Amino acid sequence: MSFWEITQQSLPILLKGGIISIELYVLTIVFALPLGLPIALGENSRIKPIAWLCRGYVALFRGTPLMLQLMFFYYGIPIIFGPEYSFNQITTAVIAFVLNYAAYLAEIYRGGLNGIDKGQYEAAHSLGLTSGQTMAGIIIPQTMRVVLPPVSNEMINLVKDTALASVIALPELMHKATGIVNSSQNLLPYFYAAVLYLLFTIVLTSLLRHLEGHFSKFSDRGA
């Protein structure tokens, strides 16, 4: 095929795959960002079974490859529990990505929570605030400002990690690019896929920098 033929054939297919990659990305962010917080709080819990459970969860999902987790949820669960517990590709990918990224985010949140000065808790207690009020109104807002840069890094890494979903044949961008390359024996679709990943990353990085600047203004005012 000529340059223009492979371009005309591949770009519409790659864009459809890109939409699925974006769907996986958005669903992962929507569920993983809030899920990481209760896990982080659980790790710091004074109730030992809860702390052990949350720490074990984090160790498991941070200590094993995301690709392996994808294969376990897609191939392993139906084998272990029966075919009625099988999921389609997008559901499997969302479950694996959310559980994996929630573990990483939990560690970021935990670091932020542990970095808050203990005097903040004492001051809130002296004002008569409950533990829940202290956490929701004082500690967590400050923690979010602290953890935003490392959380932003994870959000950027997620753009590239969505390509791992091709291992379970999710028709996302990388899977589509590989299919076209195999059928056409031309590597140009990989180049176009790389450009699409790069564009998405550039746009996301710009948005996250704007968000960090927005929160830093509030932090400066608070100081």
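Just so it is clear, the structure is predicted and the values come from calculations on it, not from any experiment.

K.L.:
What exactly am I supposed to notice about helix α6 (residues 131-161) here?
P.N.:
A turn of α-helix holds 3.6 residues, and therefore any two residues three or four places apart point the same way. With 31 residues, α6 ought to run about 45 Å at 1.5 Å a step, yet its terminal C-alpha atoms sit only 37 Å apart, falling short of that. The principal kink in α6, of about 50°, is found at Leu-148, preceding the proline Pro-149 by one to four residues.

K.L.:
Just checking my understanding: could you explain the nonpolar core for this structure?
P.N.:
Soluble globular proteins tend to bury their nonpolar side chains together. Ala-93 and Phe-97 are the most contacted members of the largest nonpolar core, which has 52 residues in total. Elements with a contribution of two residues or more to this core: α1 (3-43), α2 (48-63), α3 (66-81), α4 (89-114), α6, α7 (173-184) and α8 (188-222). When residues of this core are assigned to their parent elements, the largest contribution, 13 residues, is made by α4. Other than its neighbours up to four places away in sequence, Phe-97 contacts Leu-24, Thr-28, Leu-66, Leu-70, Leu-158, Asp-161, Thr-162 and Ala-165.

K.L.:
Mind showing me how you'd approach the packing of α1 against α2 here?
P.N.:
Helix packing for two helices is described by the angle between their axes and how far apart those axes are. For the pair α1 and α2, the least separation of the axes is 7 Å and the interaxial angle reads 130°. Taken together, α1 and α2 sit at an angle that is classed as oblique. The two elements α1 and α2 meet at a crossing, and its hand is left-handed. Listed contacts from α2 to Leu-35, Ile-39, Gly-42 and Glu-43 of α1 are Ile-50, Ala-51, Cys-54, Arg-55, Tyr-57 and Val-58.

K.L.:
Explain the packing of aromatic side chains here, please?
P.N.:
Counted according to the given criterion, the structure contains 7 aromatic pairs. Ring centres of Phe-72 and Phe-73 lie 5.6 Å apart, and the angle between their planes is 70°; on these two criteria the pair is classed as edge-to-face. You can call Phe-72 partly exposed: its relative accessible area is 39%. Centre to centre, the rings of Tyr-74 and Tyr-75 are 4.9 Å apart; their planes meet at 80°, and the pair counts as edge-to-face.

K.L.:
What is the right way to look at the packing of α3 against α4 in this model?
P.N.:
Where α3 meets α4, the axes come as close as 9 Å, and the angle between the chain directions of the two elements is 135°. Put simply, α3 runs oblique to α4. Both α3 and α4 take part in a crossing whose hand is right-handed. In this structure, α3 uses Leu-66, Gln-69, Leu-70, Phe-73 and Tyr-74 to contact α4, whose residues at the interface are Gln-89, Thr-92, Ala-93, Ile-95, Ala-96, Phe-97, Leu-99 and Asn-100.

K.L.:
What's the story with the environment of Lys-160 in this structure? I'm lost.
P.N.:
For Lys-160, the position within the fold is in helix α6. Separated by 152 residues in the primary sequence, Lys-160 and Gln-8 have C-alpha atoms spaced 25 Å apart.

K.L.:
What am I meant to see in unusual backbone geometry here?
P.N.:
Its identity as a non-glycine residue notwithstanding, Ala-169 has a phi of 65°, on the positive side. Here Ala-169 shows up in the loop between α6 and α7. For Gln-185, which is not glycine, the phi dihedral falls at a positive 55°. Within the secondary structure, Gln-185 is located in the loop between α7 and α8. Overall, Gln-185 belongs to the exposed group, its relative accessible area being 68%.

K.L.:
Would you mind going over α2 with me for this structure?
P.N.:
The end-to-end C-alpha distance of α2 is 22 Å, a good match for the 22 Å that 16 residues give at a rise of 1.5 Å each. Residues of α2 that are buried include every one of Ala-51, Cys-54, Tyr-57, Val-58 and Phe-61, and no others. The buried residues of α2 all sit within an arc of 130° when viewed along its axis, so they share a single face. Residues of α2 that are exposed and point over 90 degrees away from its buried face: Pro-49, Trp-52, Leu-53 and Gly-63. Of the surrounding secondary structure, the elements contacted by the buried residues of α2 are α1, α3 and α4.

The rules we used
- Residues numbered from 1 in each chain as written.
- Predicted model: local features only at pLDDT ≥ 70, side-chain atom pairs only at ≥ 80, totals over all residues.
- Heavy atoms only, no water.
- Helix = DSSP H or I, 4+ residues; strand = E, 2+ residues; numbered from the N terminus.
- Expected span 1.5 Å × (residues − 1).
- Bend = angle between axes of the 7 residues up to and from the residue.
- Core = buried A, V, L, I, M, F, W, Y, C linked by side-chain atoms within 4.5 Å.
- Buried < 20%, exposed > 50% of the residue type's maximum accessible area, 1.4 Å probe, protein only.
- Contact = heavy atoms within 4.5 Å.
- Axes fitted to C-alpha atoms, helices over the stretch in contact; angles between N-to-C directions.
- Parallel < 35°, antiparallel > 145°, perpendicular 65-115°, else oblique.
- Left-handed = near helix turned anticlockwise from the far one by under 90°.
- Phe/Tyr/Trp six-rings, centres within 6.5 Å; stacked < 30°, edge-to-face > 60°.
- Arc of directions from axis to C-beta.

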